[in-house]
Amino acid sequence: MNFATRFAPSPTGPLHLGHAYSALLAHDMATAAGGTFHLRIDDLDQSRSRTCWETQIYDDLAWLGINWPQPVWRQSDRLPTYRAALERLWQRGLLYPCTCTRADIRAAASAPQEGAPLHGPDGLIYPGTCRPDTPPPGPMPDTPLRLDMRRALAAAGTPVAFSETGCGPDGETGHIAPPDMVANVGDVALARPGMGASYHLSIVCDDAEQQITHVIRGQDLISATQIHVLLQRLLDLPTPVYHHHRLIRDDTGKRLAKRDDARAIATYRDEGKTSADIRAMVGL
Ligand code: GLU
Ligand code: ZN
């Protein structure tokens, strides 16, 4: 199969040095393998996505010397695909409705009998407030939905493991079998209020449909990968090779975030830096 990878930024702010490293690394690896580098726009969260940021993503990446095939996929155009995937999981009895707010979850997770609240890939682990004893009957409702992790793991059968060629949790490479996902991940949200689908569900559908063979992304996402591999099992989708790369940090060792405008690619461009300067700054 032909090597295919992707860079999937959210148009919610400027790209910074960390994004530049991720995009350049994926582009370099695709070029070296004679494969394809896809750009995708992760604009599911319409309340935070802006066209001006999307335009700036195109400008910044082109300035970095990166090119990609057209048309660029936008997640906001793909809601029917995500809906169909949710329907399949619903039919298998693996989803249930839950409209708990963040505050509800915080309150339930820190109730005295629950002990110290535990954090998973999506923040506080959901304490299971709305989880039914038996799968809910009838058609899938148009509400936020969670994955029943116990049922999902049973339905997936084989343990969730994946190949890692970058830096795994301890910097190792090889096969990773994640720890107990009931305790460490819990019932993740797959359909979110106002967004149709969650990041986990949408990215898994997109990677499969675009025939991505290598997912190259930051080490901060490694705890999400086990969820993605589980969803691939449940939806009969292939599991790509994962390469989680080191994170670019600021001078104090903190990893860069969208709000670090000082390290925005656009700022370096305005200062007259070149893409070779950026490569040197991120150690490529
Ligand atoms: N939009 C996601 C992000 O920027 C994509 C993550 C991924 O590559 O899976 O974090
Ligand atoms: Zn709930």
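Our structure's up above, just so we're on the same page.
This text gives an overview of the structure that appears in the document.

Analysis parameters
Residues numbered from 1 in each chain as written. Chains lettered and ligands numbered in written order. Predicted model: local features only at pLDDT ≥ 70, side-chain atom pairs only at ≥ 80, totals over all residues. Heavy atoms only, no water. Donors = N, O, S within 2.8 Å, 3.2 Å for Na, K, Ca; no water. Tetrahedral: all angles 85-135°; square planar, octahedral: opposite > 155°, others 65-115°. Helix = DSSP H or I, 4+ residues; strand = E, 2+ residues; numbered from the N terminus. Buried < 20%, exposed > 50% of the residue type's maximum accessible area, 1.4 Å probe, protein only. Pairing = 2+ DSSP bridges. Axes fitted to C-alpha atoms, helices over the stretch in contact; angles between N-to-C directions. Contact = heavy atoms within 4.5 Å.

## Observations concerning the coordination of the zinc ion (ligand 2)
Donor atoms from the polypeptide that coordinate the zinc ion (ligand 2) comprise Cys98 (SG), Cys100 (SG), Tyr126 (OH) and Cys130 (SG), at 2.1 to 2.6 Å from the metal. Seen from the zinc ion (ligand 2), its four donor atoms lie at angles of 83 to 131°, and the figure they make is irregular. Site description for the zinc ion (ligand 2): donor spacing in sequence, C-x1-C-x25-Y-x3-C.

## Section: unusual backbone geometry
Note the cis peptide between Gln70 and Pro71, where omega equals -5°. With respect to the element layout, Pro71 can be found in the loop between helix H2 (51-63) and strand S3 (73-74). The backbone of Gln211 shows a phi angle near 55°, a positive value even though the residue is not glycine. By secondary structure assignment, the location of Gln211 is in the loop between helix H7 (199-209) and strand S11 (214-218). Judged by its relative accessible area of 59%, Gln211 is exposed. Unusually for a residue other than glycine, Asp236 sits at a positive phi of about 55°. Turning to its location among the elements, Asp236 is positioned in the loop between helix H8 (222-234) and strand S12 (241-245).

## As for the sheet that holds strand S7 (residues 145-147)
Paired through backbone hydrogen bonds, the strands of a sheet run either parallel or antiparallel to each other. The three strands are arranged S4-S7-S10 in an open sheet whose pairing can be described as antiparallel. The outermost strands of the open sheet, each flanked by one partner alone, are strand S4 (95-97) and strand S10 (189-191). The average angle at which neighbouring strand axes cross in this sheet is 40°, direction not considered. Where S4 lies against S7, three bridges are found, and the strand directions are antiparallel. Along S7, the bridge assignment pairs Leu95 with Leu147. Set on the sheet, helix H3 (residues 79-91) makes contact with S4, S7 and S10; between it and S4 the angle comes to about 100°.

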